[in-house]
Amino acid sequence: MKIEGRTFVVSGGASGLGRATIRNLIEAGGYASILDMNEEGGQALVKEIGSHRSKFFQVDVSDTESIAQAVKDTLAWVKETGKEIGGIVAAAGVSTPAKIIDRHGDPFDLKGFDFVMNINVRGSIDLVRQFLPHMIKVEPEAPDGERGVIILVSSSAAFDGQPGQVSYSASKGALASLTLPLTRDLARYGIRVVTIAPSLFDSGMTALMSDKVRASLTRVMEFPLRPGKPEEFARVVREGVENSMLNGTVIRLDGGMRMPSKM
Ligand SMILES: NC(=O)c1ccc[n+]([C@@H]2O[C@H](COP(=O)([O-])OP(=O)(O)OC[C@H]3O[C@@H](n4cnc5c(N)ncnc54)[C@H](O)[C@@H]3O)[C@@H](O)[C@H]2O)c1
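As recorded in an unreviewed UniProt entry, the chain goes by 3-hydroxyacyl-CoA dehydrogenase and comes from Cladonia borealis.

Pasting the structure below:
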């Protein structure tokens, strides 16, 4: 599908992988609706790109009403620009590590589990769900009759989760698992689904990692021996949008790395 002249909705667009995705899609001639809780980061990106090609909407993806407002506002903006929705990149996500049983023998609090699942799984699906009634009516693009693309962001943790990643792995595994049924539900509308599962990438999320953890992860990398760059993630998103044969698949983007059990 062409990127030029189409609007892409990117949750988590104010930072890291989402922000790099927006920069890439803008470079390819797209428009961006930036959805994030982080107003400062979102507005800074609009300033960088220009307000004729991007707009920021403050959203908490774990809140259905908040998404509903962003859908309404994005569609009003699309009406103004005439640049139809081309896709959704659901990159908003959180990771709060906790072992299921701590060193005192106490089980983890379900509040932490619900928090991660609500943002990573429910938030991604709710965002897609609320844009779909509009997307299925978008004028299809020749020659295949394509209407749009959905990009979900899973993780290496979906396959080789580390100690303390029960919640995060559950959420990212869910996104990997639902990729195929979502694809099958949307095929008749000419909407594709591509899920990307990155390993360690430089971003706001991983900037919080200690040097010790970072060094131990670098030791188990295959090639190259460094974290991925957000731009490298963004290039895969772009291919996911432009290449119509990418559908119903989970792409591991990890330089061959498999996460170890022990650090
Ligand atoms: N960086 C990595 O190594 C890595 C690896 C695998 C998967 N991922 C996934 O990539 C995605 C992007 O993460 P990142 O690494 O760029 O991290 P990041 O922290 O730089 O960006 C995440 C963005 O999501 C936003 N966000 C968080 N909760 C939100 C909510 N409830 N509503 C709206 N926005 C919210 C944050 O404000 C932030 O701007 C996440 O889903 C993450 O799980 C990252």
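There is more to say after this.
The next subject is the site of the ligand. Residues in contact with the ligand amount to 28 residues; listed here are only the nearest, Ser-15, Asp-36, Tyr-168, Phe-201 and Ser-203. Within the contact set of the ligand, an oxygen atom lies 3.3 Å away from a backbone nitrogen or oxygen of Ala-91. Between the ligand and Phe-201 there is a distance of 2.8 Å, counted from an oxygen atom to a backbone nitrogen or oxygen. Elements with a contribution of two residues or more to the shell around the ligand: α1 (16–27), α5 (166–186) and α6 (204–207). The element that contributes the greatest number of residues to the shell around the ligand is α6, accounting for three residues.

Given 3.6 residues per helical turn, the α-helix brings residues three or four places apart onto the same face. Its 21 residues place the ends of α5 30 Å apart at the C-alpha level, agreeing with the 30 Å of an ideal helix rising 1.5 Å per residue. Bending of α5 peaks at approximately 35° at the position of Thr-179, with proline Pro-181 no more than four residues after it.

Attention now goes to the sheet that holds strand β1 (residues 7–11). Overall, parallel pairing links the seven strands, which are arranged β3-β2-β1-β4-β5-β6-β7 in an open sheet. The strands lining the two open edges of the sheet, one partner per strand, are β3 (54–58) and β7 (249–253). Neighbouring strand axes in the sheet, compared pairwise and without regard to direction, differ in orientation by 20° on average. Relative to strand β4 (residues 85–90), β1 is paired through five bridges, and the arrangement is parallel. Along β4, the bridge assignment pairs Val-10 with Val-89. On the sheet, helix α2 (residues 39–49) packs against β2 (31–36) and β3 and is oriented at approximately 170° with respect to β3. Helix-sheet contacts for helix α3 (residues 64–81) involve β1, β2, β3 and β4, and the interaxial angle to β3 is about 160°.

This next bit is on unusual backbone geometry. Across the junction of Ala-142 and Pro-143, the peptide omega takes the value 5°, indicating a cis bond. Note on placement: Pro-143 falls in the loop between α4 (110–135) and β5 (148–153). Following Phe-223, the chain continues to Pro-224 via a peptide bond in cis, the omega torsion being 0°. Tracing the sequence through the fold places Pro-224 in the loop between α7 (211–219) and α8 (230–242).

Across all of its chains, the model carries 11 salt bridges by this definition. For the salt bridge of Glu-48 with Arg-23, the shortest nitrogen-to-oxygen distance reads 2.8 Å. One end of the pair, Glu-48, is in helix α2; the other, Arg-23, is in helix α1, and 25 residues separate them in sequence. By relative accessible area, Arg-23 is classed as partly exposed at 36%. A salt bridge links Asp-160 to Arg-252, with the nearest nitrogen and oxygen atoms 3.2 Å apart. Taken together, the residues Asp-160 in the loop between β5 and α5 and Arg-252 in strand β7 connect sequence positions 92 residues apart. Given a relative accessible area of 15%, Asp-160 falls into the buried group. The exposure class assigned to Arg-252 is partly exposed, which follows from its relative accessible area of 28%. Bridged by salt links that share partners, the residues Asp-160, Arg-252, Asp-254 and Arg-258 form one connected network.

Let us now look at the packing of aromatic side chains. Taken as a whole and judged by the stated rule, the model has one aromatic pair. In this structure, Arg-53 is placed above the aromatic ring of Tyr-31, and the distance from its NZ or CZ to the ring centre is 5.2 Å.

The subject of this paragraph is the nonpolar core. Core analysis: the largest hydrophobic core is formed by 33 residues, its most contacted members being Phe-131, Ile-150 and Leu-152. Elements with a minimum of two residues in this core: β2, α3, β4, α4, β5, α5 and β6 (191–198). The leading source of residues in this core is α4, at nine residues. Phe-131 has contacts with Val-9, Val-71, Thr-74, Leu-75, Ile-85 and Ile-88, leaving out every residue within four places of it along the chain. Judged by nonpolar contacts, the second largest core, of 28 residues, contains Phe-8, Ile-34, Leu-45 and Val-241.

Cut-offs used in this document
- Residues numbered from 1 in each chain as written.
- Predicted model: local features only at pLDDT ≥ 70, side-chain atom pairs only at ≥ 80, totals over all residues.
- Heavy atoms only, no water.
- Near = heavy atom within 4 Å.
- Polar contact = N/O pair within 3.5 Å; in protein donor to acceptor, adjacent residues only side chain to side chain.
- Helix = DSSP H or I, 4+ residues; strand = E, 2+ residues; numbered from the N terminus.
- Expected span 1.5 Å × (residues − 1).
- Bend = angle between axes of the 7 residues up to and from the residue.
- Pairing = 2+ DSSP bridges.
- Axes fitted to C-alpha atoms, helices over the stretch in contact; angles between N-to-C directions.
- Contact = heavy atoms within 4.5 Å.
- Salt bridge = Lys/Arg side-chain N within 4 Å of Asp/Glu carboxyl O.
- Buried < 20%, exposed > 50% of the residue type's maximum accessible area, 1.4 Å probe, protein only.
- Phe/Tyr/Trp six-rings, centres within 6.5 Å; stacked < 30°, edge-to-face > 60°.
- Lys NZ or Arg CZ within 6 Å of the ring centre and 35° of its normal.
- Core = buried A, V, L, I, M, F, W, Y, C linked by side-chain atoms within 4.5 Å.

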